[in-house]
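Coordinate inspection notes
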Amino acid sequence: MSRIPGMFAALKAEGRTALIPFVTAGDPNPEVTVPLMHAMVAAGADLLELGVPFSDPIADGPVIQRATERALAHHVSLRQVLDMVRTFRQTNATTPVVLMGYLNPIEVMGYAGFAAQASAAGVDGALVVDVPPEEGADLVAALRAQGLDLVYLLAPTSTADRIEAIAQVASGFVYYVSVKGVTGAGHLDVAEVAQRLVPIRERISLPLGVGFGIKDPQTAAAVARVADAVIVGSAIVSRMEQLAEDPQAIPGVIGAYLGTLRSAIDQR
Amino acid sequence: MATDPDNRFDGPDARGHFGPYGGMFVPETLMHPLQELRQAYERYRSDPQFLAELNADLRDYVGRPSPIYHAERWSRELGGAQIFLKREDLNHTGAHKINNTIGQALLARRMGKTRIIAETGAGQHGVATATVAARLGLQCVVYMGEVDLARQEANVFRMRLLGAEVVAVKSGSRTLKDALNEAMRDWVTNVDDTFYIIGTVAGPHPYPAMVRDFQTVIGREARTQMLERTGRLPDALVACVGGGSNAIGLFHPFLHDPEVALYGVEAAGDGLATGHHAAPLTAGRPGVLHGNRTYLMEDDDGQIIETHSVSAGLDYPGVGPEHAWLKDLGRAVYDAVTDDEALAAFHALTRIEGIIPALESSHALAYAAKLAPTMARDRSILINLSGRGDKDMHTVASRQGVKL
């Protein structure tokens, strides 16, 4: 069963907001990922989003594109990412893990095969960027049969009809993309995001995460006041890129950075 | 073959599916813009004023109808069916691409969009887009893989002369697929004022249907012209397939004519056995890329693999979803010819008929050259000569060791 609902329920009881870091699995090499996952949990991450490398990441900006290329240079694909989660689960049975990526690697594995293997590895859900609800029915069914969540995106361009449609099928949480653009783009306007979340909350009872454009503790704290989860990706991945030649330093540096976000969020 | 009691040839359905193919596999941010595009397209495709403007432009600006030409000498030499060429190479800007860019640009203007973006491989679609953007006074940005930029310098210069900004794409394999990725990223970022003119029958719904509809002018004209010229329909149609817009434009008006055989010709590059090719229908399998489900070139992990073709316009790992469906239905036959075979046909048409074809179109010619001798002399093959070869002088010269 997915660990996601329990995690959000526990945080809600404590009046806290979740911190969700994103890293690309296998960046800058496959050995870094599992120690990094543990370091992020130790630094206060509540859920881990693990990017599954795909050759054609149309929704990603340059920072995550380059991370993807570094991982693909080591031939890290969906099967290897599932192995990483399996290894992570040997010493962490509680922190939810969501795989984030594109549909084609899942298509190759087959929806039922993917769901079974992901569940067995200890994955809790998937966020498949290029699967809107219109195309997601079969994938949702396969994941649900294994107790996994399919996390959907909402965007500034999502109309009331689309919010309704996503409310029907989403589970775990809903990821609100705060800006029109690719990952790592633009500046998030907290007031605007807060305004956008109002009609979404009217229609969706699931926890709402907000991501895209959160780069510093101040923004993280401000978003934490209006969202149930703060999602940080490119800001982490660009720090990892600077350490690509010194990968053993990555867990420490990223853990310290997440620590600053964690305390800012908790003082929201 | 080809009777269609279940209307299987009349796709896509309301959600953009051709059987299991097509669809809208895009990030949420693009779903609403795609819905707006679909609504605008559905409104204007039957709007008499829009169609009158489109048809006037196709006549006066593109130079339509393009003629069909009976390649008598080449037919005699091949010793079989009579070969006719649909002369899309005579269009303004030198290829069929402008049929579609005119249509989409007129739609963009009606939707109030002020900025046009496009991806390009060989540069033909980029030039056709820059051309219509210049004419309508729209800002234009063209994404082009760095590798393609280097092998199509003349087209890059043409686009810049026309006022377009040409952006070199340095990610991934730095070819057409990466240019498409980058154009999608631009669109996600600038959806409010930007119209994305996709150059082929791929991408998310409604693009495969919309681009096809703009390109079916080829097949509609050809049908009338062949009936006028020969008193009956051709026995076979042959067209090259990269994304597949010129092929679907020719094929579509003939789908319900079971006596007309349809042949789509992909790029076998160095040979299918070498793995260096661009033939997803012939040697790939179904997957999801660039907004639609279709045949792809991918590895066992679902990563898209690099393609190879001497012709930049065919150098793409996917193919329009309607072709995937026509393949599964058996309505069209897809096969591939190598770089060497395409070049041989390039030289044959040039020397025997005095027509220098594009390397893309040369793939269709090469296939027809194999098909014709298997058919009787009173049979006919219509080939879509989708573009002219002026842009390929450097490629052909360098393969012969000649420096221009």
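Structure report, in brief. (Residues numbered from 1 in each chain as written. Chains lettered and ligands numbered in written order. Predicted model: local features only at pLDDT ≥ 70, side-chain atom pairs only at ≥ 80, totals over all residues. Heavy atoms only, no water.)

**Section: the pairing of strand S2 (residues 48-51) of chain A**
All names here are of chain A. Where we set the bar: Summary of the burial criterion: residues with accessible area below 20% of their type's maximum are buried, those above 50% are exposed, and those between are partly exposed, where the area comes from a 1.4 Å probe applied to protein chains only. By definition, any uninterrupted DSSP run of H or I lasting at least four residues is a helix, any uninterrupted run of E lasting at least two residues is a strand, and each is numbered from the N terminus. Crossover handedness is defined here as right-handed if the route from the first strand over the helix to the second strand goes clockwise, with the strands pointing away from the viewer. By definition, two strands form a pair when at least two bridges between them are found by DSSP.
Here S2 shows no split at all, with Leu48 and Leu50 on one side and Glu49 and Gly51 on the other all buried. Note on the crossover from strand S1 (residues 18-24) through helix H2 (residues 30-42) to S2: the handedness is right-handed. Looking at chain direction, S2 and strand S3 (residues 97-101) are connected through four bridges and run parallel. If you follow leucine 50 over to S3, its bridge partner there is leucine 99.

**As for the nonpolar core**
Note the cut-off: Remark: nonpolar core denotes a set of buried residues (Ala, Val, Leu, Ile, Met, Phe, Trp, Tyr, Cys) joined through side-chain atoms within 4.5 Å. Whether two residues touch is decided by their heavy atoms; if any such pair falls within 4.5 Å, the residues are in contact.
Of all hydrophobic cores here, the largest spans 120 residues; its most connected members are A:Phe173, A:Tyr175, B:Met159, B:Tyr196, B:Tyr207 and B:Phe251. Once residues lying within four places of it in the same chain are set aside, the contact partners of B:Phe251 are B:Leu237, B:Ala239, B:Leu262, B:Tyr263, B:Gly264, B:His323, B:Ala332 and B:Tyr334. A:Leu148, A:Ile200, A:Val232 and A:Met240 belong to the second largest nonpolar core, which has 73 residues in total.

**Quick notes on the sheet that holds strand S12 (residues 291-296) of chain B**
Residue and element names in this part refer to chain B. Reading across from one edge, S1-S2-S12-S11 is the order of the four strands in this open sheet, with antiparallel pairing throughout. Looking along the sheet, the strands with just one partner apiece sit at the ends: strand S1 (17-18) and strand S11 (285-289). Here S1 pairs with strand S2 (residues 21-25) via two bridges, running antiparallel. Bridge pairing links phenylalanine 18 to tyrosine 21 in S2.

**Looking at the packing of aromatic side chains**
What characterises a pair of aromatic rings is the spacing of the ring centres plus the angle enclosed by the ring planes. How we decide: Think of it this way: a Phe, Tyr or Trp ring, Trp meaning its six-membered ring, pairs with another when their centres are within 6.5 Å, and the plane angle makes it stacked under 30 degrees, edge-to-face over 60, tilted otherwise. By the criterion adopted, a ring carries a charge over it if an Arg CZ or a Lys NZ lies within 6 Å of its centre and within 35 degrees of its normal.
This structure, assessed with the given rule, holds 10 aromatic pairs over all chains. When the centroid spacing of 5.8 Å and the interplanar angle of 50° are considered together, the rings of A:Phe8 and A:Phe173 count as tilted. Remark: A:Phe173 occurs in the loop between helix H8 (160-169) and strand S7 (174-177) and A:Phe8 occurs in helix H1 (residues 4-14); sequence separation between them is 165 residues. The buried category is assigned to A:Phe8, whose relative accessible area is 7%. Taking the relative accessible area as the measure of exposure, A:Phe173 reaches 0% and is therefore buried. Relative to B:Tyr207, the ring of B:Trp187 has its centre 6.3 Å away and its plane inclined at 80°; by these criteria the two rings are edge-to-face. Here B:Trp187, found in helix H8 (residues 176-189), pairs with B:Tyr207, found in helix H9 (residues 207-215); they are 20 residues apart in sequence, far enough to count as distant. In terms of burial, B:Trp187 and B:Tyr207 fall into one category: buried. Above the ring of B:Tyr44, the side-chain terminus of B:Arg110 is found at 5.5 Å from the ring centroid. Residue placement shows B:Lys327 over the ring face of B:Tyr295; its charged tip is 5.4 Å from the ring centre.

**Description of the environment of B:Gln225**
Residue and element names in this part refer to chain B. Operational definition: By the criterion applied in these results, polar contacts are pairs of N or O atoms within 3.5 Å in which, for protein atoms, one can donate a hydrogen and the other can accept it, and in which residues neighboring in sequence qualify only through two side-chain atoms.
Along the chain, the position of glutamine 225 falls in helix H10 (residues 217-230). Take glutamine 225: its relative accessible area is 14%, and that puts it in the buried class. Through-space distance from the C-alpha of glutamine 225 to that of lysine 86 is 9.5 Å; in sequence the pair is 139 residues apart. When sequence neighbours within four positions are dropped, the list of residues in contact with glutamine 225 reads Pro65, Ser66, Pro67, Ile68 and Lys86. Among the polar contacts made by the side chain of glutamine 225, one reaches the side chain of lysine 86 at a distance of 2.9 Å.

**Some remarks on the pattern of salt bridges**
All names here are of chain A. Here is the rule: Should a side-chain nitrogen of Lys or Arg be within 4 Å of a carboxyl oxygen of Asp or Glu, the pair is scored as a salt bridge.
Evaluated as defined, the whole model comprises 43 salt bridges over all chains. Here arginine 16 and aspartate 266 are joined by a salt bridge, their closest N and O atoms 3.4 Å apart. Taken together, the positions of arginine 16 in the loop between H1 and S1 and aspartate 266 in helix H12 (residues 250-266) put the pair 250 residues apart, joining distant regions of the chain. Judged by its relative accessible area of 30%, arginine 16 falls in the partly exposed class.

**Here we look at the side chain of A:Glu49**
All names here are of chain A. Our working definition: As used throughout, the charge tally considers Lys and Arg to be positive and Asp and Glu to be negative, leaving His and the chain termini uncounted.
Checked against the element boundaries, glutamate 49 lands in strand S2. For the buried residue glutamate 49, which engages in no salt bridge, the nearest side chain bearing the opposite charge is arginine 89, 13 Å off. Leave out the neighbours within four places in its chain, and glutamate 49 touches Ile20, Pro21, Phe22, Val23, Val98, Met100, Leu127, Phe173, Tyr175 and Ile231.

**A closer look at unusual backbone geometry**
Residue B:Arg64 is joined to B:Pro65 through a cis peptide bond whose omega torsion reads -5°. As for its placement among the helices and strands, B:Pro65 is situated in the loop between helix H2 (48-62) and strand S3 (68-70). With an omega of 10°, the peptide bond between B:His205 and B:Pro206 qualifies as cis. Examined against the element boundaries, B:Pro206 turns out to sit in the loop between strand S8 (194-196) and H9. Even without being glycine, A:Phe212 reaches a positive phi, approximately 85°.

**Regarding the interface of chain B and chain A**
Here is the rule we go by: When two parts are brought into contact, each loses some accessible area as probed by a 1.4 Å sphere; the total of that loss over both is the buried area. Each residue gets one label: Ala, Val, Leu, Ile, Met, Phe, Trp, Tyr, Cys and Pro are nonpolar, Asp, Glu, Lys and Arg are charged, and the others, such as Gly, are polar.
With 38 residues of chain B at the interface, the matching set in chain A holds 38 residues. When chain B packs against chain A, the two sides together hide about 3,100 Å² of surface, and 49% of this comes from carbon and sulfur. Viewed at the interface, chain A and chain B are joined by five salt bridges. A salt bridge links A:Glu107 to B:Arg293; its shortest N-O distance comes to 2.6 Å. The interface formed by chain B and chain A includes 25 residue pairs in polar contact (both at pLDDT 80 or more). If you list the elements that add at least two residues to the side of chain B that touches chain A, you get S2, helix H1 (28-44), H8, S11 and S12 of chain B. The element best represented in the side of chain B that touches chain A is H8(B), accounting for eight residues. Grouping the amino acids of the side of chain B that touches chain A by side-chain chemistry returns 13 nonpolar, 13 polar and 12 charged.

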